[in-house]
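What the coordinates show
Listed below, chain by chain, are the residues.
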Amino acid sequence: MPARRQLSSATKPLDEKVTVNIGYVDLGHIDLLVQDGFYANRTDLIRTAVRNQLAGHADVLKQAVARKTLVLGIQQFTASDLRAVQAAGQTLQIRVLGLASFTADVTPELALATVESVVVLGALHASPAVKAALAPRIR
């Protein structure tokens, strides 16, 4: 299996965008807190609220990560990594909580030959062709 690689902050992908529907009264409360200087903007409040909720469930999340044997963080796969897996006659069962990414040099054929399954709780970054090829194997 390829070594787990942490991307430096200089190459860190942009944050994933999420759309959230919020009622008018809640939105008004958010705007009031922003206006009074508690938060820099709406996004700041929402990120803080999400982090607080995740911190409140930290023990449960740690147990779930351990139980599901997920790689926590960022896992990047290069063509070189996948060719090494292929040369060893193995396939990958990718399980990531965070970001799994395939570099631009990974072809759909190489991905199909080396990736048995993909489970990503977070985001999967790959070329459209690689995503399309792996679509039946993504759970």
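Everything numeric in this text was worked out from a predicted model, so none of it was measured. (Residues numbered from 1 in each chain as written. Predicted model: local features only at pLDDT ≥ 70, side-chain atom pairs only at ≥ 80, totals over all residues. Heavy atoms only, no water.)

A word on the layout of surface pockets. Considered as a void within the structure, the largest pocket measures approximately 1400 Å³ in volume. Lining the largest pocket are 32 residues; nearest its centre among them are Asp15, Glu16, Val18, Arg47 and Val50. Among the secondary structure elements, those contributing two or more residues to the lining of the largest pocket are α2 (42-56), α3 (58-67), β1 (71-77), β2 (92-102) and β3 (115-125). Element by element, the count of residues in the lining of the largest pocket is highest for α2, at seven residues. By residue class, the composition of the lining of the largest pocket is 18 nonpolar, six polar and eight charged. (1 Å grid on protein atoms, 1.4 Å probe; cavity = no way out; pocket = protein on both sides within 12 Å on 5 of 7 lines; lining within 4 Å. Points joined across faces, edges and corners; volume = space filled by probe spheres on them. Helix = DSSP H or I, 4+ residues; strand = E, 2+ residues; numbered from the N terminus. Nonpolar A, V, L, I, M, F, W, Y, C, P; charged D, E, K, R; others polar.)

Before going further, it helps to examine the sheet that holds β2. The sheet built from three strands is open, its strands ordered β1-β2-β3 with parallel pairing. Taken across any chain shown, the strands that pair with only one partner, and hence form the sheet edges, are β1 and β3. Ignoring which end each strand starts from, the neighbouring axes of this sheet average 45° apart. Strand direction decides the pairing type here: β2 and β3, joined by ten bridges, are parallel. The partner of Ile94 across the bridge, within β3, is Val118. Taken strand by strand, helix α4 (residues 79-87) contacts β1 and β2, and its axis lies near 90° from that of β1. (Pairing = 2+ DSSP bridges. Axes fitted to C-alpha atoms, helices over the stretch in contact; angles between N-to-C directions. Contact = heavy atoms within 4.5 Å.)

Okay, the packing of aromatic side chains next. The relation between two aromatic rings is expressed through the spacing of the ring centres and the mutual angle of the planes. Per the stated rule, a full pass over the model turns up one aromatic pair. An angle of 25° between the planes, with centres 5.3 Å apart, marks the rings of Phe77 and Phe102 as stacked. On the criterion of sequence distance, the pair formed by Phe77 in strand β1 and Phe102 in strand β2 is long-range, its members being 25 residues apart. Take Phe77: its relative accessible area is 1%, and that puts it in the buried class. By relative accessible area, Phe102 is classed as buried at 6%. (Phe/Tyr/Trp six-rings, centres within 6.5 Å; stacked < 30°, edge-to-face > 60°. Buried < 20%, exposed > 50% of the residue type's maximum accessible area, 1.4 Å probe, protein only.)

Next up on the list: the pattern of salt bridges. Evaluated as defined, the whole model comprises two salt bridges. Arg47 serves as the salt-bridge partner of Asp15, at 3.4 Å between the closest nitrogen and oxygen. Of this pair, Asp15 sits in the segment before α1 (24-35) while Arg47 is found in helix α2, placing the two residues 32 residues apart along the sequence. Using a relative accessible area of 41% as the deciding quantity, one classes Arg47 as partly exposed. (Salt bridge = Lys/Arg side-chain N within 4 Å of Asp/Glu carboxyl O.)

This part covers the nonpolar core. In terms of nonpolar packing, the biggest core is built from 19 residues, with Leu82, Ile94, Phe102, Val106, Val118 and Leu134 touching the most fellow members. Among the secondary structure elements, those contributing two or more residues to this core are β1, α4, β2, α5 (108-114), β3 and α6 (128-134). A total of five residues in this core trace back to one element, the largest contributor, which is β2. (Core = buried A, V, L, I, M, F, W, Y, C linked by side-chain atoms within 4.5 Å.)

Relative to the 16 Å expected for twelve residues at 1.5 Å per residue, α1 spans 16 Å between its end C-alpha atoms, a close match to the ideal helical length. A positive phi of about 90° marks Gly37, the residue just after α1. (Expected span 1.5 Å × (residues − 1).)

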